[in-house]
Amino acid sequence: QVQLVESGGGLVQPGGSLRLSCAASGRNFRLYAMGWYRQAPGKQRELVASIISGGSTNYADSVKGRFTISRDNAKNTVSLQMNSLKSEDTAVYYCNAYTRFPRNDYWGQGTQVTVSS
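In this text the structure is predicted, and so the values were computed from the model without any measurement.

Trainee: What is the right way to read the pairing of strand 9 (residues 91-99) from this model?
Mentor: Regular strands have side chains that alternate between both faces of the sheet. Most of strand 9 is tucked away: eight of the nine residues are buried. Strand direction decides the pairing type here: strand 4 (residues 33-39) and strand 9, joined by seven bridges, are antiparallel. Opposite Arg 38, over in strand 9, you have Tyr 93 as the bridge partner. Inspection of the sheet shows strand 9 paired to strand 11 (residues 111-115) by three bridges, in the antiparallel sense. Bridging across to strand 11, Ala 91 finds its partner in Val 113. Alignment of strand 9 against strand 10 (residues 104-107), held across four bridges, turns out to be antiparallel. Note on strand 10: the bridge partner recorded for Tyr 98 is Asp 105. Linking strand 9 to strand 10, which pair antiparallel, is a turn of four residues; within it Phe 101 sits at a positive phi near 55°.

Okay, here's the thing in structure tokens:
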């Protein structure tokens, strides 16, 4: 089991940048793949980016080239660097930890990101 706490959300102008962080508490952080999801008002929760323990990443088409996910296994942290932010990026962002075979998911409480002038 793992517990996740997000931080770094807030209000930013279009074109600006924001960095989200997720701190994981647990003994075997390297056993989990990590992801960032977001949910906008009236929308389904969607995958933004994911990263496995070895460092391979995956991104939603809508954020490719603008967002970067990274992890520090020694510190049990995952980050999402968001650049060139758009109003469409406004959502609650959730940190996710998951296992494969079988699939299990663990979630943070979420942090609000608002992109507005």
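Trainee: I would appreciate a short explanation of the environment of Leu 4 in the present structure.
Mentor: Along the chain, Leu 4 falls in strand 1 (residues 3-7). Between the C-alpha atom of Leu 4 and that of Ala 97, which follows or precedes it by 93 residues, the distance is 8.0 Å. Beyond its immediate stretch of four places on either side in the chain, Leu 4 contacts Cys 22, Ala 23, Ala 24, Met 34, Cys 95, Asn 96, Ala 97, Tyr 106, Trp 107, Gly 108 and Gln 109.

Trainee: How should the side chain of Ser 50 be read in this particular structure?
Mentor: With respect to the element layout, Ser 50 can be found in strand 5 (residues 46-51). Using a relative accessible area of 10% as the deciding quantity, one classes Ser 50 as buried. Ignoring any residue separated from it by four or fewer positions in sequence, one finds Ser 50 in contact with Met 34, Gly 35, Ser 56, Thr 57, Asn 58, Ile 69 and Tyr 98.

Trainee: Looking at this structure, how should I read the pattern of salt bridges?
Mentor: Where charged atoms of side chains with opposite charge meet at close range, the side chains can pair. Taken as a whole and assessed by the stated rule, the structure comprises six salt bridges. In this structure, Asp 89 engages Arg 38 in a salt bridge whose closest nitrogen and oxygen atoms are separated by 2.9 Å. Here Asp 89 is found in the loop between strand 8 (77-82) and strand 9, whereas its partner Arg 38 is found in strand 4, with 51 residues between them in sequence. Assigned by exposure class, Asp 89 and Arg 38 land together as buried. Counted as one network, the salt bridges with shared partners bring together Arg 38, Glu 46, Arg 66 and Asp 89.

Trainee: Which parts of the structure should I look at to understand the packing of aromatic side chains?
Mentor: Geometrically, a pair of aromatic rings is defined through the distance of the ring centres and the angle of the planes. For the coordinates displayed, the defined rule picks out two aromatic pairs. Here Tyr 32 and Tyr 106 contribute two aromatic rings whose centre-to-centre distance is 5.9 Å and whose plane-to-plane angle is 90°, an arrangement assigned as edge-to-face. On the criterion of sequence distance, the pair formed by Tyr 32 in the loop between strand 3 (18-25) and strand 4 and Tyr 106 in strand 10 is long-range, its members being 74 residues apart. In this structure Tyr 32 comes out as buried when scored by relative accessible area, which is 10%. Both rings, one in Tyr 37 and one in Trp 107, keep their centres 5.0 Å apart while their planes meet at 70°; by these two values the pair is edge-to-face. On the criterion of sequence distance, the pair formed by Tyr 37 in strand 4 and Trp 107 in strand 10 is long-range, its members being 70 residues apart. Trp 107 gets classed as partly exposed once you look at its relative accessible area, which sits at 36%. Cation over ring: Arg 45 sits above Trp 107, and NZ or CZ is 4.7 Å from the ring centre. Taking NZ or CZ as reference, Arg 103 lies 4.2 Å from the ring centre of Tyr 98, over its face.

Cut-off values and rules
Residues numbered from 1 in each chain as written. Predicted model: local features only at pLDDT ≥ 70, side-chain atom pairs only at ≥ 80, totals over all residues. Heavy atoms only, no water. Buried < 20%, exposed > 50% of the residue type's maximum accessible area, 1.4 Å probe, protein only. Helix = DSSP H or I, 4+ residues; strand = E, 2+ residues; numbered from the N terminus. Pairing = 2+ DSSP bridges. Contact = heavy atoms within 4.5 Å. Salt bridge = Lys/Arg side-chain N within 4 Å of Asp/Glu carboxyl O. Phe/Tyr/Trp six-rings, centres within 6.5 Å; stacked < 30°, edge-to-face > 60°. Lys NZ or Arg CZ within 6 Å of the ring centre and 35° of its normal.

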